[in-house]
Amino acid sequence: DSATFSPRRPTPPSRDERQPQSSEAMLDPWGVFNEFRPLLHSAGADTEKLARPMRVESNSSLMRSLRVLDQTPVPETLKVGLLYVGKGQTTEHEILSNLCGSGLYIEFLKKMGEFVALEDCHDTKRNYTGGLDCITGADGQYAIKWEDPLNIMVFHVATLIGQVHEGNSEGVVLTRKRHIGNDSVHVVFSDNPAAYDMVTIAGEFNFVSIVIYPLDELGDFYRVEVKLKHGLKSFGPVVPNSSKVVSKQALADTVRVTIIHATVAIAEIKEAGREGGSRPTLTNREERLRQLTRIQERYAS
C-alpha cells in the first residue's frame, strides 16, 4: 500500500551519486552589462555613466557598502515549508511528528529539487540554506534545494528536519515548528482526503498553503488547492481558494511556479503594511542596482 508509513526516512543519493555542483562560469562583464541595459534604462539609471569605469577612494565607509552589496544575492532566495499529512492526521503534533510518508510523497520530494547535504553548506554566503543549521546537525542531514538563473528555493521538509532518536520526539517537533512556523508559504502533501485547514500549523507568518492530494494509487494525477490569508491578491497558475487537477509530469513545475507567484504577492502586502504606506517591492537584482547607484553617487570621483 503506497500510503503505508515506513519508520525509515527516504534515502538521499550518496555523496558520490549526487550530481556535481556546476562550477562558476566565466562571464564577460561587458556582455552581462549589455544584456541588462534595458533593465537599467527602465529603472531610470544613466547607463552611459554606469558603463564607464569608476575611480573610487578606498575607505571604511566604502568597504561597509561593498560588504552589504556582497551579502545581497543576485537570485531571489525563497524558503518554503513542506509537510506530509498521513491518513487520518489532522493535528499539528501528528503532522510534525511524521518521520516519513507514503511512496508517492517520496517521489514528490525527488521531483521538487535536489537533496543537498547540509554538512557541505558551511559557507552560507555561497550556499543559501534557508536558515537550516549546517554545523551541528541539529536540523538534520539533508535539505531539498531547487534553483534556476533567477531563483534559489530551499524547502524546510518536516520529515527531514531534526535528529530523530529515542526520547527526543518533542524536541524534533519544536525544531520543525521553529523553521516551518516562520515560512510564508507551506506546501502540504496530504494522503488524508479531508480538507486541510491552513491554520493547522499555528503561526502568524503563513500566508499561503499549497495542498496536494493524490487522486489515484499510482500517482498519475493530483488535485492542487491553494489556500491563502484574507487580503492577499489573486495569483496563478493555481487560482487561490480553488483547485486544479495536474498530471504527475506537471506537478513539480506547477507547485514551484505557484510558490514564486505567491512569494511576490506576499512581499507586496508586507510592503504595503509597513510604516509610510505602500512602496514598490524590490527584487534582489533591483536592490543591487540601487546599492551600486548609491556607491557611485557617494564614492566615485
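Everything quoted here is computed from the prediction, not taken from an experiment. For every chain, the first residue of the written sequence is number 1, and numbering continues from 1 along that sequence. With the structure being a predicted model, the display of local features is reserved for residues of pLDDT at least 70 and the display and counting of side-chain atom pairs for 80 or more, all residues being used for whole-chain, interface and lining totals. Heavy atoms from the whole structure form the basis of all side-chain values; hydrogens and water molecules are not counted.

Chemist: Could you give me a rundown of the side chain of N98, with the residues and numbers involved?
Modeler: The numbering of helices and of strands both runs from the N terminus, where a helix is a DSSP run of H or I of at least 4 residues and a strand a run of E of at least 2. Structurally, N98 can be placed in the loop between helix 5 (92-96) and helix 6 (103-112). N or O atoms closer than or at 3.5 Å make up a polar contact, with two conditions inside protein: a donor-capable atom paired with an acceptor-capable one, and, for residues adjacent in sequence, both atoms drawn from side chains. Of note is the side chain of N98, whose polar atom sits 2.9 Å from the backbone oxygen of Y84.

Chemist: Would you mind going over unusual backbone geometry in detail, with residue names and values included?
Modeler: Of all residues except glycine, most have a negative phi; of all peptide bonds, most are trans. Residue P237 is reached from G236 by a cis peptide bond, and omega for that bond is 0°. Examined against the element boundaries, P237 turns out to sit in the loop between strand 7 (221-228) and strand 8 (243-247). The residue N241 is not glycine, and still its phi comes out positive at about 60°. Tracing the sequence through the fold places N241 in the loop between strand 7 and strand 8.

Chemist: Can you tell me about the sheet that holds strand 4 (residues 151-157), naming the residues and giving the values?
Modeler: The pairing of strands in a sheet comes from backbone hydrogen bonds and takes either a parallel or an antiparallel form. For two strands to be treated as a pair, DSSP must find no fewer than two bridges joining them. Taken together, eight strands build an open sheet; the order of strands is 2-3-4-1-5-6-7-8 and the sheet is mixed. The open sheet has two edge strands with one neighbour each: strand 2 (114-117) and strand 8. Across the sheet, the axes of successive neighbouring strands diverge by a mean angle of 30°, strand direction being ignored. Both strand 6 (residues 208-214) and strand 7 contribute to a ladder of seven bridges, which runs antiparallel. Bridging across to strand 7, I210 finds its partner in V226. Its contacts with the sheet put helix 6 on strand 1 (76-85), strand 2, strand 3 (142-147), strand 4, strand 5 (185-190), strand 6 and strand 7, and the angle it makes with strand 1 is roughly 175°. Fitted lines through C-alpha atoms serve as axes, helices being fitted only where they are in contact, and the angles separating the N-to-C directions of these axes extend from 0 to 180 degrees. What makes two residues a contact is simply this: any of their non-hydrogen atoms within 4.5 Å.

Chemist: If you had to explain the nonpolar core to someone new, which residues and values would you point to?
Modeler: In this text, buried Ala, Val, Leu, Ile, Met, Phe, Trp, Tyr and Cys residues form a nonpolar core when linked through side-chain atoms within 4.5 Å. For the exposure calls, accessible area comes from a 1.4 Å probe over protein chains only, and a residue counts as buried if that area is under 20% of its type's maximum, exposed if over 50%, partly exposed in between. If you look at the biggest cluster of nonpolar residues, it comprises 41 residues, and the most contacted ones within it are F108, F155, V187, V208 and I259. Sort the elements by how many residues they give to this core and helix 8 (residues 248-272) lands first, with seven residues. Leave out the neighbours within four places in its chain, and F108 touches L82, V187, F189, I212, L251 and V255. One finds L83, L96, V188 and I201 within the second-largest nonpolar core, a separate group that totals 12 residues.

Chemist: Now, about the pairing of strand 1: what can you tell me, with residues and values included?
Modeler: Counted residue by residue, strand 1 has seven buried out of 10 residues, so it is predominantly covered. Relative to strand 4, strand 1 runs parallel, the two sharing seven bridges. Opposite G81, over in strand 4, you have H156 as the bridge partner. Pairing analysis gives five bridges linking strand 1 to strand 5, with the strands arranged parallel.

Chemist: How would you explain the pattern of salt bridges if you had to name every residue and give the values?
Modeler: Any carboxyl oxygen of Asp or Glu within 4 Å of a side-chain nitrogen of Lys or Arg constitutes a salt bridge here. Taken as a whole and assessed by the stated rule, the structure comprises 11 salt bridges. Between K177 and E92 there is a salt bridge, with the nearest N and O atoms lying 3.2 Å from each other. Taken together, the residues span a long stretch of sequence, with K177 in helix 7 (residues 169-180) and E92 in helix 5 at a distance of 85 residues. Classification of E92 as partly exposed rests on a relative accessible area of 23%. Its salt-bridge partner being K233, residue E268 comes within 3.0 Å of it at the nearest N-O pair.

Chemist: With reference to specific residues and values, describe the environment of L69.
Modeler: The topology assignment puts L69 in helix 4 (residues 60-70). Spatially, the C-alpha atoms of L69 and L292 are 7.8 Å apart, while their sequence positions differ by 223 residues. Other than its neighbours up to four places away in sequence, L69 contacts R288, Q291, L292 and I295.

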